Amino acid sequence: MKVIVTGATGMLGEAVLLECLQNPAVEQVLIINRRSSPVKHAKLTELLVPDFTQLNNFAEAIKGYDACFFCAGISSIGMKEEKYDHITYVTTLAFAKALLEQNKEIVFCYVSGSHTDSSEKGNSMWARVKGKTENALAALPFKAEYNFRPGIMLTSPGQKNGKAIYYFIAKIIKAISPKTVLTMQEVGQAMINSVTKGYPKQVLEIADIRLLAKG
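These numbers were taken from a predicted model, which means no experiment stands behind them.

K.L.:
Hey, could you run me through the overall build of the chain in this one?
P.N.:
Within the chain, the regular secondary structure consists of six helices and nine strands. The C-alpha radius of gyration computed for the chain amounts to 16 Å, which stays within 12% of the reference 17 Å derived for 215 residues, consistent with globular compactness. Each principal axis of the C-alpha distribution contributes one length, and for the chain these read about 50 × 40 × 35 Å. Looking at the chain as a whole, 51% of its 215 residues are labelled buried. For the chain, contacts bridging at least 24 residues in sequence account for 65% of all contacts bridging at least 6. Where the 25 positive side-chain charges of the chain centre and where its 19 negative ones centre are 6 Å apart.

Quick look at the structure:
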């Protein structure tokens, strides 16, 4: 398969990228970034797009792909809802629609997070916005669309973007509550398997991601 990965300069996106590069089911990877990634590989091509809402300006470069693993995202801490909504909802939807216009049979995997609010009515701002984004993506006519809701994750071997404090906290939580912690490698494996094998649920919670990762 030929896949697109976003967020490859971040922690989860980098892990998903590394999983794609070593997986024989993946023939070619296009990373779409705002800034360049240091990762080099025979399978890998990079497209720099400063504004994801303008992806339609790169139509020829994004044609012919089977899947998109959308791992780009930011923390909502200290951010007003209007700005967070624009980055998380408006930008993601514009990107997805531009991609779909060029790839009618594409599978789209979106990373939101555990406790995302599908009702869009809860008290948590980030969860409402993520829920709105999930719902809007689910309504688009992709071949398939999956919303991944991981929680705390352990970094993958070979990662450069993993933060030591994050890894330390994740290890502690895993020791206390192992079922609530995934590895980022499992998320990447699950995304690849969602394309090759499918999954009966559109929203994948932690247990679903772990199960799908096993194939």
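K.L.:
Can you help me understand the packing of helix 1 (residues 11–22) against helix 5 (residues 184–196) in this one?
P.N.:
In a pair of packed helices, the angle between the axes and the distance between the axes together describe the arrangement. Contact geometry of helix 1 with helix 5 gives a least axis separation of 8 Å together with a crossing angle of 55°. Classified by the interaxial angle, the pair formed by helix 1 and helix 5 is oblique. For helix 1 against helix 5, the interelement crossing comes out right-handed. On helix 5, the residues touching Met-11, Leu-12, Ala-15, Val-16, Glu-19 and Cys-20 of helix 1 are Met-184, Gln-185, Val-187, Gly-188, Gln-189, Met-191 and Ile-192. Residue classes in the contact of helix 1 with helix 5 are distributed as nine nonpolar, three polar and one charged.

K.L.:
I'm lost on the packing of aromatic side chains in this one. Help?
P.N.:
Aromatic ring pairs are reported here in terms of the distance separating the ring centres and the angle at which the planes meet. In total, this model carries six aromatic pairs according to the counting rule given. Ring centres of Phe-52 and Phe-70 lie 6.5 Å apart, and the angle between their planes is 70°; this geometry places the pair in the edge-to-face category. Residue Phe-52 is found in the loop between strand 3 (44–48) and strand 4 (67–70), and its partner Phe-70 is found in strand 4; the two are separated by 18 residues along the sequence. For Phe-52, a relative accessible area of 2% gives the class buried.

K.L.:
Would you mind going over the environment of Arg-210 with me for this structure?
P.N.:
Structurally, Arg-210 can be placed in helix 6 (residues 206–214). Between the C-alpha atoms of Arg-210 and Thr-183, which are 27 residues apart in sequence, the distance is 8.9 Å. With sequence-adjacent residues up to four places away left out, Arg-210 is seen in contact with Pro-178, Lys-179, Val-181, Leu-182 and Glu-186.

About the criteria used
- Position numbers for residues count from 1 along each chain, tracking the sequence in the order it is written.
- Local features in this predicted model are restricted to residues whose pLDDT is 70 or higher, and side-chain atom pairs enter the listing and the counts only when it is 80 or higher, whereas totals over whole chains, interfaces and linings include all residues.
- Side-chain numbers come from the whole structure's heavy atoms, not from hydrogens or water.
- Working definition: helices are DSSP H or I runs of at least four residues, strands are E runs of at least two. Numbering for both runs from the N terminus.
- Here the radius of gyration uses the C-alpha set of atoms, whereas the globule reference equals 2.2 Å times the residue count to the power 0.38.
- Here's how the labels work: a residue is buried when its accessible area is under 20% of the maximum for its type, exposed when over 50%, partly exposed in between, all with a 1.4 Å probe on protein chains only.
- Residue contacts are counted whenever heavy atoms from the two residues lie within 4.5 Å of one another.
- His residues and chain termini do not enter the charge count, which takes Lys and Arg as positive and Asp and Glu as negative.
- For charged residues, the charge sits on one atom: NZ in Lys, CZ in Arg, CG in Asp, CD in Glu.
- Working convention: axes come from line fits to C-alpha atoms, limited for helices to the stretch in contact. Angles between N-to-C directions cover 0 to 180 degrees.
- The labels follow the angle: roughly parallel below 35 degrees, roughly antiparallel above 145, roughly perpendicular from 65 to 115, and oblique for the rest.
- Definitions for this section: a left-handed crossing has its near helix turned counterclockwise from the far helix by less than a right angle. A right-handed crossing has that turn clockwise.
- The nonpolar class holds Ala, Val, Leu, Ile, Met, Phe, Trp, Tyr, Cys and Pro. Asp, Glu, Lys and Arg form the charged class, and all remaining residues, Gly among them, are polar.
- A pair of aromatic rings is counted whenever rings of Phe, Tyr or Trp (Trp by its six-membered ring) have centres within 6.5 Å, and the orientation is called stacked for planes under 30 degrees apart, edge-to-face for over 60 and tilted otherwise.

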